[in-house]
Amino acid sequence: MNFFRHPLWLVGFRPFFTLACVAGALLPPLWILIFRGTLPAPTRFTPLQWHAHEMFFGFGWAVLGGFLLTSTKNWVNIRGYHGPALAWLVACWLLERLAMGFGGDWPLPLFLLANHLFLGSIVAMLMWTLIRHRDTDSYRDNAIFLVMLPAFLLAKNLLLGDHPTAGYSMALSLYRVAFLVMFERTLTQFMKAGFQAQILRNPRLDLPIKLLALLLVFEFLLPVALTVILSLLLATLLLIRFFFWHPAKAFTRIDIGIMYVGYLAIAGQLLLSAWQALTPLALTGTVATHLFTFGAMGCVIPAMIVRIGNGHTGRKVVFAAADRAVLWIMLLALILRLLGPQLAPAAYLHWLDAAAACWLLAFALLGWRCIPMLWQARIDGREH
């Protein structure tokens, strides 16, 4: 059989969700070993730069890339990237991991090439899809991705350059936009299918939410007072909408309730960041940042991998006991990472160890569950 006709290369979510499971399991424990000094940090960057980059642009973009490569083709009703084009992106992603881990002594031009091939390629390919097929696009607000996608390139360079704080802030804010767009589109379907419930969708509320989130992508350029106002306003709008999205029903099911946890984590991160900008709080660790990375990314991503992996391989979207266990483990990781250090600051490193162990266990279990079906043909006879 032709190599590129293997099911792995038929749709973007297949190879990239495979990589996401591996990265989600390995990157947090690797970071703990580097943080503790057990392993040496990559020589071109500080340990924190490496950690932020690999979680946002390694793990995060494995997920976001797989999601967008799959969803954009459905939005504009085309075949989508597959075969050699998809293999090229995977090779570039792997080359970037190699460069970030072991490219400290590489010649600068080679390192820069290796470090930009993946993101540059996938951003160009996704934007080409949305621009070329804009007349058949199902979502008018997909124009937001034409701003978001190239902004990731700026965030990456700021993070690895002389402005790492601005870079990680921008990257986090870009993921916030992506999650908010995803919540609007998916929770509408999930709540209707799961509970026959209609959640509030009003352009006069949805549009300001997305525009405020997009504006906050550039918060590093804004006065602190304006950033605080915008953050509080966005959090307020999100919480108002939350109460019209039937949370009491959603929290009766872990597979849907976990999405609401992620939604609240976004609002909480905005409120906590604004509060700390006004009155610094005596908290142990980077609580606001990890409320987002654990509460939104860590909790929501496994649920989306299960849903997309099942649905797009012809299976029923049903969460088995092992799938639900993954979600509970990630909720435990959230509690251990945020609440544990506040209760016992002296044991800070042990809380980090426990949270990283949860990531390893959860994503290893997720990979065991999902990777075999990602590598197999659809069970309903369809090609892709």
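Residues numbered from 1 in each chain as written. Predicted model: local features only at pLDDT ≥ 70, side-chain atom pairs only at ≥ 80, totals over all residues. Heavy atoms only, no water.

### A closer look at the packing of aromatic side chains
Next, step 1: The full count for this structure, using the stated rule, is 25 aromatic pairs.
Next, step 2: Considering the side-chain rings of phenylalanine 59 and phenylalanine 363, the 5.4 Å spacing of their centres and the 90 degrees angle between planes classify their relative orientation as edge-to-face. Residue phenylalanine 59 is found in helix H2 (residues 47-76), and its partner phenylalanine 363 is found in helix H14 (residues 348-374); the two are separated by 304 residues along the sequence.
Next, step 3: By relative accessible area, which is 1% here, phenylalanine 363 ends up buried.
Next, step 4: With a centroid separation of 6.0 Å and an interplanar angle of 90 degrees, the aromatic rings of phenylalanine 179 and phenylalanine 292 are classed as edge-to-face. Here phenylalanine 292 lies in helix H11 (residues 287-311) and phenylalanine 179 lies in helix H6 (residues 164-195), a separation of 113 residues in the sequence. With respect to burial, phenylalanine 179 and phenylalanine 292 carry one shared label: buried.
Next, step 5: These aromatic residues form a ring-pair network of at least three members: Phe179, Phe183, Phe242, Phe243, Trp245, Phe251, Tyr260, Tyr263 and Phe292.
Next, step 6: Against the face of phenylalanine 57 rests lysine 156, its NZ or CZ located 5.4 Å from the ring centre. (Phe/Tyr/Trp six-rings, centres within 6.5 Å; stacked < 30°, edge-to-face > 60°. Helix = DSSP H or I, 4+ residues; strand = E, 2+ residues; numbered from the N terminus. Buried < 20%, exposed > 50% of the residue type's maximum accessible area, 1.4 Å probe, protein only. Lys NZ or Arg CZ within 6 Å of the ring centre and 35° of its normal.)

### So, the nonpolar core
Considering soluble globular proteins, one finds that nonpolar side chains tend to be buried as a cluster.
Next, step 1: Of all hydrophobic cores here, the largest spans 141 residues; its most connected members are Phe59, Trp61, Phe179, Phe183, Met259 and Tyr260.
Next, step 2: With 17 residues, H6 is the largest single contributor of residues to this core. (Core = buried A, V, L, I, M, F, W, Y, C linked by side-chain atoms within 4.5 Å.)

### Looking at the packing of helix H8 (residues 224-242) against helix H10 (residues 254-278)
Next, step 1: The contact between H8 and H10 brings their axes to 9 Å, and the two run at 150 degrees. Relative to H10, the element H8 is oriented roughly antiparallel. Of the two elements, H8 crosses H10, and the hand of that crossing is left-handed. On the side of H8, the interface is formed by Val224, Val228, Ser231, Leu232, Leu234, Ala235, Leu238, Leu239, Arg241 and Phe242, while H10 contributes Tyr260, Tyr263, Leu264, Ile266, Ala267, Leu270, Leu271, Ala274, Ala277 and Leu278.
Next, step 2: In terms of residue class, the contact of H8 with H10 is built from 18 nonpolar, one polar and one charged. (Axes fitted to C-alpha atoms, helices over the stretch in contact; angles between N-to-C directions. Parallel < 35°, antiparallel > 145°, perpendicular 65-115°, else oblique. Left-handed = near helix turned anticlockwise from the far one by under 90°. Contact = heavy atoms within 4.5 Å. Nonpolar A, V, L, I, M, F, W, Y, C, P; charged D, E, K, R; others polar.)

### Focus on helix H3 (residues 84-102)
Next, step 1: For H3, spanning 19 residues, the distance from its first C-alpha to its last is 26 Å, which sits close to the expected 27 Å at 1.5 Å a residue.
Next, step 2: Those residues of H3 lying buried are Leu86, Ala87, Leu89, Val90, Cys92, Trp93, Glu96, Arg97, Ala99 and Met100.
Next, step 3: In this fold, the buried residues of H3 make contact with helix H1 (13-35), H2, helix H4 (108-132) and helix H5 (143-160). (Expected span 1.5 Å × (residues − 1).)

### Brief notes about the side chain of arginine 176
Next, step 1: Within the fold, arginine 176 resides in helix H6.
Next, step 2: There is no salt bridge for the buried arginine 176, and the closest opposite charge comes from glutamate 219, which lies 4.6 Å off by N-O distance.
Next, step 3: Leave out the neighbours within four places in its chain, and arginine 176 touches Leu216, Leu234, Ile266, Gln269, Leu270 and Phe292. (Lys, Arg positive; Asp, Glu negative; His and termini not counted. Salt bridge = Lys/Arg side-chain N within 4 Å of Asp/Glu carboxyl O.)

### Re unusual backbone geometry
Note: most peptide bonds trans; most residues except glycine with negative phi.
Next, step 1: For asparagine 77, which is not glycine, the phi torsion reads 60 degrees and is therefore positive.
Next, step 2: By the element assignment, asparagine 77 lies in the loop between H2 and H3.

### Topic: the state of the cysteines
Next, step 1: All told, the structure shown has zero disulfides when counted by the stated rule.
Next, step 2: Distance from the sulfur of cysteine 21, which forms no disulfide, to the nearest cysteine sulfur (cysteine 370) is 5.7 Å.
Next, step 3: The thiol of cysteine 299 is not disulfide-bonded; the next cysteine sulfur, from cysteine 358, is found 10 Å away.
Next, step 4: With a relative accessible area of 0%, cysteine 299 lands in the buried category. (Disulfide = S-S within 2.5 Å.)

### Describing the environment of isoleucine 78
Next, step 1: Relative to the helices and strands, isoleucine 78 resides in the loop between H2 and H3.
Next, step 2: Put simply, isoleucine 78 and histidine 133 are 55 residues apart on the chain and 8.5 Å apart in space, counted from C-alpha to C-alpha.
Next, step 3: Residues in contact with isoleucine 78, not counting those within four places in the same chain, are Lys73, Thr129 and His133.

### Quick notes on a nonpolar patch on the surface
Next, step 1: There is a patch of nonpolar side chains on the surface, built from Val22, Leu26, Leu30, Leu33, Leu39 and Leu360 and spanning about 440 Å² of accessible area.
Next, step 2: Counting residues per element, the nonpolar patch draws most heavily on H1, which supplies four residues.
Next, step 3: Position of leucine 360 relative to the elements: it lies in helix H14.
Next, step 4: The class for leucine 360 is partly exposed, based on a relative accessible area of 37%. (Patch = residues over 30% accessible without salt bridge, like charges linked within 9 Å, V, L, I, M, F, W, Y side chains within 5 Å. Areas by Shrake-Rupley, 256 points an atom, 1.4 Å probe, with all protein chains shown as cover.)

### Focus on the packing of H2 against H3
Next, step 1: At their nearest, the axes of H2 and H3 sit 11 Å apart, and the two run at 175 degrees to each other. The angle between the axes of H2 and H3 places the two elements in the roughly antiparallel class. Across from Trp50, His53, Glu54, Phe57, Gly58, Ala62 and Leu69 in H2, the residues of H3 making contact are Leu86, Leu89, Trp93, Glu96, Arg97, Met100 and Gly101.
Next, step 2: Looking at the contact of H2 with H3, its residues break down into eight nonpolar, three polar and three charged.

### Re the pattern of salt bridges
Next, step 1: Summed over all chains, the structure comprises 15 salt bridges.
Next, step 2: Between aspartate 380 and arginine 378 there is a salt bridge; the shortest N-O distance is 2.7 Å.
Next, step 3: Looking at arginine 378, the relative accessible area reads 10%, which means it is buried.
Next, step 4: Overlapping salt bridges, with partners in common, bring together Asp141, Glu184, Arg185, Arg201, Asp206, Lys210 and Arg241 in one network.

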